[in-house]
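# Structural characterization, general
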Amino acid sequence: MMEFFFEKKDVFLLKELEKQCQKEKGITSMSVKEIVTSLVDDGMVDNDKIGTSVYFWAFPSKASQNRKRKLLDLENRIEELDSKKQTLTEAIEKAKMGKEESDSRTELLTALAEKRTEKSHLMSEIEKYKECDPEVVEGVKKQAEISKDAANRWTDNIFSVKSWIKNKFSFEESVIDKQFGIPADFDYIE
């Protein structure tokens with residue numbers, strides 16, 4: 001299809017393409033529209049709608065310009081990657097300085113590993129005694145106080161409902177307690 005456009009160097013309607021491509025290039029007229037659409041999507045063939053007609057064209061000069069531009073882009077990308085590679089190589093060499101294998105370095109690395117192991121052991125010990133931490137104990141006390149206030153608030157609500165039922169329907173308090181499953185020793189939390 002691209003050969004057809006490059007050879008003709010002209011502008012075509014879709015119907016003209018279907019006829020001429022079938023005759024000259026052996027492309028079935030049914031697949032011409034699909035191929036042209038694909039080439040337009042890839043930017044290899046240009047199209048424009050003028051009035052009710054859609055025209056298609058592709059010239060060799062544009063294809064060569066596209067290839068030159070792509071080649072230039074790839075060359076620029078290669079230069080960027082080469083400079084990045086050089087920078088990273090220099091950084092690796094710089095990082096290796098002072099880290100040559102020696103007895104003192106090996107001893108220091110061993111000591112570091114031991115200290116890290118000791119630190120993790122001590123952190124696990126601290127975790128065991130975390131519930132004795134004054135801040136944690138104070139937090140538990142505050143949470144207990146909040147829970148106590150909430151329980152007493154609900155107890156107050158229950159007593160209010162019992163009073164309302166007793167006044168509204170003239171039930172005995174023991175009947176209300178039995179009906180709603182309220183224990184006999186139900187009272188505020190001190």
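If you're wondering where the values come from, they're calculated on a predicted model, not measured in any experiment.

So, how was this worked out
Within each chain, residues carry numbers counting from 1 in the order of the written sequence. Only residues with pLDDT of at least 70 are given local features in this predicted model, and only at 80 or more are side-chain atom pairs given and counted; all residues enter the totals for whole chains, interfaces and linings. Excluding hydrogens and water, the side-chain values take into account all heavy atoms of the structure. Strands pair, by our definition, only if DSSP identifies at least two bridges between them. Secondary structure elements are defined from DSSP: runs of H or I of at least 4 residues count as helices, runs of E of at least 2 residues count as strands, and each element is numbered from the N terminus. Buried residues of nine kinds, namely Ala, Val, Leu, Ile, Met, Phe, Trp, Tyr and Cys, make up a nonpolar core once their side-chain atoms join them within 4.5 Å. Here's how the labels work: a residue is buried when its accessible area is under 20% of the maximum for its type, exposed when over 50%, partly exposed in between, all with a 1.4 Å probe on protein chains only. Here, two residues are considered to be in contact whenever any of their heavy atoms come within 4.5 Å of each other. Helix span, expected: 1.5 Å multiplied by one less than the number of residues in the helix. The term salt bridge refers to a pairing of a side-chain nitrogen on Lys or Arg with a carboxyl oxygen on Asp or Glu at a separation within 4 Å. UniProt positions are given in the numbering used here, feature names are shortened, and annotations may be inferred rather than shown by experiment.

### Regarding the sheet that holds strand S2 (residues 46–50)
Strand order in the open sheet formed by three strands is S1-S3-S2, with antiparallel pairing between adjacent strands. Sheet topology places strand S1 (12–13) and S2 at the edges, where each strand pairs with a single neighbour. Where S1 meets strand S3 (residues 53–57), two bridges bridge the pair, whose relative direction is antiparallel. Each bridged residue has a counterpart across the sheet, and for Leu 13 the counterpart in S3 is Tyr 55.

### Focus: the pairing of S3
Each regular strand carries side chains that alternate between the two faces of the sheet. Where S2 and S3 come together, five bridges link them in antiparallel fashion. Among the inter-strand pairings, Asp 46 is bridged to a residue of S3, identified as Trp 57.

### Focus: the nonpolar core
Core analysis: the biggest nonpolar cluster contains 14 residues, and Met 1, Phe 5, Leu 17, Cys 21, Val 32 and Val 45 have the highest contact counts within it. Setting aside anything within four residues of it in sequence, one finds Val 45 in contact with Met 2, Phe 5, Leu 39, Val 40, Phe 56, Trp 57 and Ala 58.

### Describing helix H4 (residues 60–96)
Within an α-helix, residues lying three or four positions from one another point in the same direction, as the helix has 3.6 residues per turn. Here H4 spans 53 Å end to end across 37 residues, near enough to the 54 Å set by a 1.5 Å rise per residue. Backbone geometry just after H4 places Gly 98 at a positive phi near 80°.

### As for the pattern of salt bridges
Scanning all chains against the criterion turns up seven salt bridges. A salt bridge links Glu 3 to Lys 25; its shortest N-O distance comes to 3.3 Å. Residue Glu 3 is located in helix H1 (residues 2–8), and its partner Lys 25 is located in helix H2 (residues 14–25); the two are separated by 22 residues in the primary sequence. Lys 25 sits in the partly exposed class, given a relative accessible area of 29%. Here Lys 162 ties to Asp 177 by a salt bridge, and the two come within 2.8 Å at their closest N and O atoms. Remark: Asp 177 occurs in helix H7 (residues 173–180) and Lys 162 occurs in helix H6 (residues 134–169); sequence separation between them is 15 residues.

### Digging into the UniProt feature "coiled-coil region" (unreviewed entry) in the protein chain
On the UniProt side, "coiled-coil region" (unreviewed entry) is annotated at positions that read residues 64–98 here. Spanning residues 64–98, this segment combines 94% helix with 0% strand, and its end C-alpha atoms are found 53 Å apart.

### Quick word on the UniProt feature "domain: Mnd1 HTH" (unreviewed entry) in the protein chain
The UniProt record marks residues 1–60 with the feature "domain: Mnd1 HTH" (unreviewed entry), using the residue numbering of this structure. For residues 1–60, the end-to-end C-alpha separation is 13 Å, with 55% helix and 20% strand making up the annotated structure.

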